[in-house]
Amino acid sequence: MKKFFLLAVIPFFLGCAELQQIADSLPQEGTTISNAEVAAGLRQALDFGIDKQVTKLAKEDGFFNNELVRIGLPPELQKVDRTLRDVGLDALADEGLKVLNRAAEEAVQEATPIFVNAVKEITFTDARNILLGDDTAATTYLAQKTTDPLYSKFNPVITTSLEEVGANRVWTNIINRYNALPLTSDVNPDLADYVTREALKGVYTMIAIEEKEIRNNFAARTTNLLKRVFGLQD
């Protein structure tokens, strides 16, 4: 009723197209979004994030060329990297970094089925809470549901990958060269565990980027469902 009253008092010199634009901008009586639609919208947003961002990480240099998620050295080996570079062994240090990132890139290929299952499990209650949560509420939900199964999937793949690409040989060479230098102490970190945890952090970082984009940028809501659902939080 309010909508028709407002239209009635608008000056008559406005054209039909202008009137329609004004009408469309006013609240629609009876407009509601069901819990099922909210859940479907969140699932779609997460699916887009997984498809758009996680698949990038699975490609060669997906980690290594991405400054947001590039895997550096664990704290125990950062001094190794600095020392090697100080004595002119930059190429050797770079090779060591690259093989760590290659292992992560290979492991991420195992992620999609686990993410898909987690997305399907979003309940109506979860959906409302996530939608009205902070900018990364959906990513946080996904991390809670998938961290353990992803670790179980990633770790053996990374362990094997480190062996196949010669990481063990490379790092044995690096560590031996480092340990041979004067005034150094031996280091022997669990590289597979470290790379696995860094790979997981990288995956959630990229999904969070896509979630923030959909929440805060209307143009990123590329379907009617995303526009309707995320319009609720605006």
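Details of the structure are given in the entry above.
Everything quoted here is computed from the prediction, not taken from an experiment.

**Observations concerning the packing of helix 3 (residues 35–57) against helix 10 (residues 191–216)**
At step 1: Following both chains from N to C, one finds helix 3 and helix 10 inclined at 135 degrees, their axes separated by 9 Å at the closest point. In terms of their interaxial angle, helix 3 and helix 10 are classed as oblique. Once helix 3 is placed against helix 10, the crossing between them reads as right-handed. Facing helix 3, whose interface residues are Ala 45, Leu 46, Phe 48, Gly 49, Ile 50, Lys 52, Gln 53, Val 54 and Leu 57, helix 10 presents Gly 202, Val 203, Met 206, Ile 207, Ile 209, Glu 210 and Ile 214.
At step 2: Of the residues that constitute the contact of helix 3 with helix 10, the class distribution is eleven nonpolar, three polar and two charged.

**Details of helix 11 (residues 224–231)**
At step 1: Residues Leu 226, Val 229 and Phe 230 constitute the buried set of helix 11. Each buried residue of helix 11 lies within a common arc of 85 degrees when the element is viewed along its axis, so the set occupies one face.
At step 2: Against helix 3, helix 7 (124–131) and helix 10 lie the buried residues of helix 11.

**Section: the packing of helix 3 against helix 7**
At step 1: Across the interface, helix 3 lies against helix 7 with an axial gap of 8 Å and an inter-helix angle of 65 degrees. Between helix 3 and helix 7, the angle falls in the class roughly perpendicular. Seen from above, helix 3 lies across helix 7 with left-handed handedness. Residues Asn 35, Ala 36, Val 38, Ala 39 and Leu 42 of helix 3 form the contact with helix 7, whose participating residues are Phe 124, Ala 127, Arg 128, Ile 130 and Leu 131.
At step 2: Partitioned by chemical class, the residues of the contact of helix 3 with helix 7 number eight nonpolar, one polar and one charged.

**Quick word on the nonpolar core**
At step 1: Residues Phe 115, Phe 154, Ile 158, Trp 171 and Val 203 are the most contacted members of the largest nonpolar core, which totals 65 residues.
At step 2: The dominant element in this core, judged by the number of residues it contributes, is helix 10, at eleven residues.
At step 3: The contact partners of Phe 115, leaving out residues within four places of it in the chain, are Ile 50, Val 54, Leu 142, Thr 146, Leu 150, Val 203, Tyr 204 and Ile 207.

**Re empty space enclosed by the protein**
At step 1: Counted under the stated rule, the structure contains one cavity of 30 Å³ or more.
At step 2: The volume enclosed by the largest cavity comes to roughly 60 Å³.
At step 3: Contributing to the lining of the largest cavity are Leu 42, Ala 45, Leu 46, Gly 49, Ala 138, Ile 207, Glu 210, Glu 211, Ile 214 and Phe 230.
At step 4: The set of elements that each furnish at least two residues to the lining of the largest cavity consists of helix 3 and helix 10.

**Considerations on the side chain of Thr 139**
At step 1: Topologically, Thr 139 is positioned in helix 8 (residues 137–164).
At step 2: The exposure class of Thr 139 is buried, given its relative accessible area of 5%.
At step 3: If near-sequence neighbours (up to four positions away) are discounted, Thr 139 is found in contact with Tyr 204, Ile 207, Ala 208 and Glu 211.

Reading guide: rules and limits
- Residues numbered from 1 in each chain as written.
- Predicted model: local features only at pLDDT ≥ 70, side-chain atom pairs only at ≥ 80, totals over all residues.
- Heavy atoms only, no water.
- Axes fitted to C-alpha atoms, helices over the stretch in contact; angles between N-to-C directions.
- Helix = DSSP H or I, 4+ residues; strand = E, 2+ residues; numbered from the N terminus.
- Parallel < 35°, antiparallel > 145°, perpendicular 65-115°, else oblique.
- Left-handed = near helix turned anticlockwise from the far one by under 90°.
- Contact = heavy atoms within 4.5 Å.
- Nonpolar A, V, L, I, M, F, W, Y, C, P; charged D, E, K, R; others polar.
- Buried < 20%, exposed > 50% of the residue type's maximum accessible area, 1.4 Å probe, protein only.
- Arc of directions from axis to C-beta.
- Core = buried A, V, L, I, M, F, W, Y, C linked by side-chain atoms within 4.5 Å.
- 1 Å grid on protein atoms, 1.4 Å probe; cavity = no way out; pocket = protein on both sides within 12 Å on 5 of 7 lines; lining within 4 Å.
- Points joined across faces, edges and corners; volume = space filled by probe spheres on them.

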